[in-house]
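# Examination of the molecular architecture
What follows is the residue order along each chain.
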Amino acid sequence: SQTIHQWPATLVQPVGSPLSLECTVEGTSNPNLYWYRQAAGRGLQLLFYSVGIGQISSEVPQNLSASRPQDRQFILSSKKLLLSDSGFYLCAWSVIGYGYTFGSGTRLTVV
Amino acid sequence: EDQVTQSPEALRLQEGESSSLNCSYTVSGLRGLFWYRQDPGKGPEFLFTLYSAGEEKEKERLKATLTKKESFLHITAPKPEDSATYLCAVQPYQAGTALIFGKGTTLSVSS
């Protein structure tokens, strides 16, 4: 069966520090992968999506970047965090014929 | 611009008091409409996908319906464990695009 792993679950980082969040998918090949951010009162905002290795589309210009070094691995990064980067980050995957499945999320607090 | 609006933002019900949540959308061609349930601090959990107007799907006390402009999530005789935030999302009919989410309806059911 397909599973998605996302870590860490919570993270507290100082302003200006780097960030790396990782997401991996098991049990499927060539999935579409997504990074969403959920802020209070704003709903889920799509940040990046990828349809294949090395293929990244950015939906919102910001302080973040994404990479897909392997078929089932998706990484969200930042060189220098801002206070406004705080939020709940969710990774998701989809393949044709299946719905979108979300990971358990990472709560990021920038202090 | 593709857009999803959910109402009400919050809903309080007594156990057994049936009600409906609304999701209205504007999209340039609908590939699918999704309903998710999200508990605090967790990732969204898939409930239903609807593809065409007139379609209905049921799961326990929940029934989702779809028209050309909106979807309803009907909750029949809710229980306290149905308390959660319910998210609606649309997938436009374009290859490679991700889900566009509404802000959600937070449901509280008291006994």
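Just above sits the structure.
Nothing here was measured: the structure is a model prediction, and the numbers come from that model.

### Focus on the overall build of chain A
Looking only at helices and strands, one finds zero helices and 11 strands in chain A. Counting helices and strands in the order they occur from the N terminus, chain A gives β-β-β-β-β-β-β-β-β-β-β. Relative to its length of 111 residues, chain A is compact, with a C-alpha radius of gyration of 13 Å against a globular reference of 13 Å. Out of the 111 residues belonging to chain A, those deemed buried represent 47%. The contacts in chain A between residues at least 6 apart in sequence include a share of 54% that link residues at least 24 apart. Within the structure as shown, chain A displays about 5300 Å² of accessible surface, and the carbon and sulfur contribution to it stands at 53%.

### What to know about the state of the cysteines
Residues and elements named next belong to chain B. Inspection of the entire model under this criterion finds two disulfides over all chains. Each sulfur of the disulfide joining cysteine 23 and cysteine 88 lies 1.9 Å from the other. The sign of the S-S torsion, about -65 degrees, decides the handedness of the disulfide formed by cysteine 23 and cysteine 88: left-handed. Here cysteine 23 is found in strand β3 (residues 19-26), whereas its partner cysteine 88 is found in strand β9 (residues 84-92), with 65 residues between them in sequence.

### Digging into the side chain of aspartate 82 of chain B
Looking at the secondary structure, you find aspartate 82 of chain B in the loop between β8 (70-75) and β9. What aspartate 82 of chain B contacts, discounting residues up to four positions off in sequence, is Arg37, Arg61, Leu107 and Val109 of chain B.

### Structural notes on the pattern of salt bridges
Residue and element names in this part refer to chain B. Evaluated as defined, the whole model comprises six salt bridges over all chains. The salt bridge partner of arginine 37 is aspartate 39, with a shortest N-O separation of 3.1 Å. Accessibility expressed as a relative area gives 16% for arginine 37, which makes it buried. Taking relative accessible area as the criterion, aspartate 39 reaches 23% and is therefore assigned partly exposed. Across the pair arginine 61 and aspartate 82 runs a salt bridge, and its minimum N-O distance is 2.8 Å. Of the two residues, arginine 61 sits in the loop between β6 (56-59) and β7 (62-66) while aspartate 82 sits in the loop between β8 and β9, which places them 21 residues apart along the sequence.

### Considerations on the sheet that holds strand β7 (residues 65-70) of chain A
Residues and elements named next belong to chain A. Reading across the sheet, the four strands line up as β1-β3-β8-β7 and stay open at both edges, with antiparallel pairing between neighbours. Every interior strand has two partners, whereas the edge strands, β1 (3-7) and β7, have only one. Between one strand axis and the next, the sheet turns through 20 degrees on average, direction left out of account. Sheet topology places β1 next to strand β3 (residues 19-26); five bridges connect them, and they run antiparallel. Bridge assignment links threonine 3 to a residue of β3, and that residue is glutamate 26.

### Concerning the sheet that holds strand β1 (residues 3-7) of chain B
Residue and element names in this part refer to chain B. Pairing is antiparallel in the open sheet, where five strands are placed in the order β1-β3-β8-β7-β6. Sheet topology places β1 and β6 at the edges, where each strand pairs with a single neighbour. Within the sheet, the average angular offset between the axes of one strand and its neighbour, ignoring direction, is 15 degrees. Of the pairings in the sheet, the one linking β6 to β7 comprises four bridges and is antiparallel in character. Across the sheet, residue glutamate 58 finds its bridge partner in β7, namely lysine 63.

What counts and what doesn't
Residues numbered from 1 in each chain as written. Chains lettered and ligands numbered in written order. Predicted model: local features only at pLDDT ≥ 70, side-chain atom pairs only at ≥ 80, totals over all residues. Heavy atoms only, no water. Helix = DSSP H or I, 4+ residues; strand = E, 2+ residues; numbered from the N terminus. Rg over C-alpha atoms; globule rule 2.2 N^0.38 Å. Buried < 20%, exposed > 50% of the residue type's maximum accessible area, 1.4 Å probe, protein only. Contact = heavy atoms within 4.5 Å. Areas by Shrake-Rupley, 256 points an atom, 1.4 Å probe, with all protein chains shown as cover. Disulfide = S-S within 2.5 Å. Salt bridge = Lys/Arg side-chain N within 4 Å of Asp/Glu carboxyl O. Pairing = 2+ DSSP bridges. Axes fitted to C-alpha atoms, helices over the stretch in contact; angles between N-to-C directions.

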